Amino acid sequence: MKRTTQGFSHLLLTLTLLLSMVGCSGKEPTQTNRSDTAPTTLTIADLKEILSALDASNSTLTYCNGENEETHPANAAIRTKKYIKELQDYDVWETCQPPESWNPSGEYYYKFHGDGISLISYQSGFTGLQPFHVTTDTGDGWFRLSDIPAEQDNSAQQFGWMVYDTFGKWYSEARTADLYRSTSPPLTADELDELEAFTSSQVSTYVEEWGGYVVSSTPISCFFTSLYDDPRNLNANAFITYCPSQEELGPEDEAEFQLVQKKLDWRNTSSHLLTLEEMPVPCHRLPRSYINKILMQYAGITVEDMHSDWKAELCYVPETDSFYTTTSDFGPGVFNLNYGEKSGDIVTLWGASSYSGGTAVLTLQKNGNGWIIRSFQAI
């Protein structure tokens, strides 16, 4: 019995020594609660590292209009890699910090949410800075893209709103693809780029004389001014109203203008035929051959193929074989391409259009090395 008691004493002593060596003293060791620690303030270097490793797999894009949110898979967009590259290529950033009084609720923003990361781009934010909020598992930071005009330091032109614009285009493509994709193969990024250029409603031209750009409409924009299941059902007046034309009547065309007014009975309240100088807006001449060229190029038809009589519906003068419009503002039809699929020689494109009241679908058919329009309809 004595040997047993002595052995037990030795065992207690050994356990006591072991406990002291591992730091135990009868109390649980203090553990750091990760959620209770203040997040590390992210630096610009951290931001660039985060963007360089950005992965859209299993991530989402959310848009908030100040009240409601809508979320879609980020990698649904055909050109996801392009938008990630845009974010990575933005060069100069600044840190910023929201004031304590700022409340982000009610703001417009886009949010990228991925594995352990959240990126929020605000449309305006505090003091109009378009802030960019980055959150990771361990860090938090507020940034904005620096404004750098192209004239400074030979840098590429960039402005603070460009980050929000990048997320906006990315989200629009992801949303459209998520809502409207079918079983047909989607277009590749290169194909989408090609067709985006083909359907562009505007073109910018640099004017060296005064060192700036002039934006003008493209002929294909005329096909986005009304909805139709067949191009022969195009709305004639909508098509021609903002049709791009370089033939504006000038002082040397006064006799032609008087003929136009007489034929079309353009008279003011006093039944007086106006001179070009008295006209409040310019008068444009659009030869029938010019309109037919546009119709043939993009739809394979002419004025004579239409299901309605364009010569009777529009301001047409047989003596000059031309149509006439009087507009001074700028209002081309717009189709902003977001997603597309192909099936044989048919391509179906989805995009935003003000004339459809939302999303429109444009159907094209391969025609040699180009395309012809088959329909333009609302969804």
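Summary of the structure given here. All values derive from a computational prediction rather than experimental measurement.

## Section: the overall build of the protein chain
For the protein chain, the count of helices and strands is nine helices and 17 strands. When the accessible area of the protein chain is evaluated, it comes to approximately 21,400 Å², of which 50% is carbon and sulfur surface.

## A look at the sheet that holds strand β13 (residues 322-325)
The three strands are arranged β11-β13-β12 in an open sheet whose pairing can be described as antiparallel. Two strands close off the open sheet at either side, each with one partner strand: β11 (284-287) and β12 (316-317). This element, helix α8 (residues 288-299), spans β11, β12 and β13 of the sheet and lies at about 65° to β11.

## Some thoughts on the packing of aromatic side chains
The geometry of an aromatic ring pair comes down to the distance between the two centres and the angle between the two planes. This model, assessed by the stated rule, comprises 25 aromatic pairs. A centroid spacing of 5.6 Å and a plane angle of 35° characterise the contact between Tyr 339 and Trp 350, whose relative ring orientation is tilted. One end of the pair, Tyr 339, is in strand β14 (residues 336-343); the other, Trp 350, is in strand β15 (residues 346-353), and 11 residues separate them in sequence. An identical accessibility class is assigned to Tyr 339 and Trp 350; each is buried.

## A look at unusual backbone geometry
Phi is positive for Asn 58, close to 55°, though the residue is something other than glycine. Here Asn 58 shows up in the loop between α2 (44-52) and β2 (60-65). Residue class for Asn 58 comes out exposed when judged on its relative accessible area of 78%. In this structure, Gln 130 takes a positive phi of about 50° despite not being glycine. Secondary-structure assignment places Gln 130 in the loop between β6 (117-122) and β7 (132-136).

## A word on the pattern of salt bridges
Per the stated rule, a full pass over the model turns up 17 salt bridges. Note that Arg 144 is salt-bridged to Glu 94, the shortest N-O span being 3.5 Å. Taken as a pair, Arg 144 in strand β8 (residues 139-145) and Glu 94 in strand β4 (residues 93-95) lie far apart in primary sequence, 50 residues in all. Owing to a relative accessible area of 10%, Arg 144 belongs among the buried residues under this scheme. A cluster of three or more residues bridged by salt bridges with shared partners is formed by Arg 79, Glu 173, Asp 193 and Glu 196.

## Considerations on the pairing of β6
With six of six residues buried, β6 is to be regarded as a mostly interior element. Residues of β6 alternate between two faces, with Ile 117, Leu 119 and Ser 121 on one and Ser 118, Ile 120 and Tyr 122 on the opposite face, all of them buried. As defined by bridge partners, strand β5 (residues 108-114) adjoins β6 across six bridges and the pair is classed as antiparallel. Paired with Phe 112 across the bridge in β6 is Leu 119. Count of turn residues in the β5/β6 antiparallel hairpin: two residues, of which Gly 116 carries a positive phi of about 75°.

Cut-offs applied
Residues numbered from 1 in each chain as written. Predicted model: local features only at pLDDT ≥ 70, side-chain atom pairs only at ≥ 80, totals over all residues. Heavy atoms only, no water. Helix = DSSP H or I, 4+ residues; strand = E, 2+ residues; numbered from the N terminus. Areas by Shrake-Rupley, 256 points an atom, 1.4 Å probe, with all protein chains shown as cover. Pairing = 2+ DSSP bridges. Contact = heavy atoms within 4.5 Å. Axes fitted to C-alpha atoms, helices over the stretch in contact; angles between N-to-C directions. Phe/Tyr/Trp six-rings, centres within 6.5 Å; stacked < 30°, edge-to-face > 60°. Buried < 20%, exposed > 50% of the residue type's maximum accessible area, 1.4 Å probe, protein only. Salt bridge = Lys/Arg side-chain N within 4 Å of Asp/Glu carboxyl O.

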